[in-house]
Amino acid sequence: MNTPDIEIYAKDINSDIIIDWLTQQFEASSLNIDPKTLGIALNSTACITIQLPYKEHSIELIITPRAAGKSFCSFWFKSENTPWENDEACALTLLEENDIEIRCAASGWQEDEEKLSEQWLLLTQNEKKLIHWG
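Quick notes on the rules
Residues numbered from 1 in each chain as written. Predicted model: local features only at pLDDT ≥ 70, side-chain atom pairs only at ≥ 80, totals over all residues. Heavy atoms only, no water. Pairing = 2+ DSSP bridges. Helix = DSSP H or I, 4+ residues; strand = E, 2+ residues; numbered from the N terminus. Axes fitted to C-alpha atoms, helices over the stretch in contact; angles between N-to-C directions. Contact = heavy atoms within 4.5 Å. Core = buried A, V, L, I, M, F, W, Y, C linked by side-chain atoms within 4.5 Å. Buried < 20%, exposed > 50% of the residue type's maximum accessible area, 1.4 Å probe, protein only.

Asker: Please explain the sheet that holds strand S5 (residues 102-105) as it appears in this structure.
Answerer: Within a beta sheet, neighbouring strands are joined by backbone hydrogen bonds and run either parallel or antiparallel to one another. Strand order in the open sheet formed by seven strands is S2-S3-S4-S1-S5-S6-S7, and the pairing between neighbours is antiparallel. At either end of the open sheet lies a strand with only one pairing partner, and these are strand S2 (48-54) and strand S7 (128-131). Averaged over all neighbouring strand pairs, the angle between strand axes comes to 25°, with direction disregarded. Here seven bridges tie S2 to strand S3 (residues 57-68), and the two strands are oriented antiparallel to one another. Bridge assignment links glutamine 51 to a residue of S3, and that residue is glutamate 60. Against the sheet, helix H2 (residues 35-42) engages S2, S3 and strand S4 (72-77), with an angle of about 40° to S3. Strands strand S1 (6-11), S4, S5, strand S6 (120-123) and S7 of the sheet are contacted by helix H3 (residues 87-95), whose axis makes an angle of about 40° with S1.

Asker: Can you help me understand the nonpolar core in this one?
Answerer: Side chains that are nonpolar tend, in soluble globular proteins, to be buried together. By size, the foremost hydrophobic cluster in this structure holds 35 residues, and its most contacted members are Leu22, Ile63, Phe75 and Phe77. The element contributing the most residues to this core is helix H1 (residues 15-25), with five residues. With sequence-adjacent residues up to four places away left out, phenylalanine 75 is seen in contact with Ile6, Glu7, Ile8, Ala10, Ile13, Ile18, Trp21, Leu61, Ile62 and Ile63.

Asker: Please clarify how the pairing of S4 should be interpreted in this entry.
Answerer: The side chains of a regular strand alternate between the sheet's two faces. Within S4, five of the six residues are buried, leaving the element largely enclosed by the surrounding structure. Note that S1 and S4 share six bridges and pair antiparallel. Looking across to S4, one finds that isoleucine 6 is bridged to phenylalanine 77. The loop that links S3 with its antiparallel partner S4 comprises three residues; one of these, glycine 69, has a positive phi angle of about 75°.

As structure tokens, this is what we get:
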């Protein structure tokens, strides 16, 4: 069962990595992302909204540069109809070909969860560990 949405945070990511990753995960012929425009947006604080085709669905992706400090970019897939079962599965697809750091919730988010007790996964190609982040 898929989660209601997927959100991951990638450290020091660039537009080429993002476009390659999204092209591999979604129907490449339908993606309409300009690398130059995306690159400019990544150097700002403005959110970028993209509609991604997946099977019979359209998935809204909100990319938020500098979502956590200056280094982390957020990718929020606002749909339960993604290719992934959870945040970690999504993160692992980005790590397959990219040596970057990704953080995501260690388990599903719950509204009554204490902020201080939130557990995050820190993932790289060589490491997976639980951390407190925030």
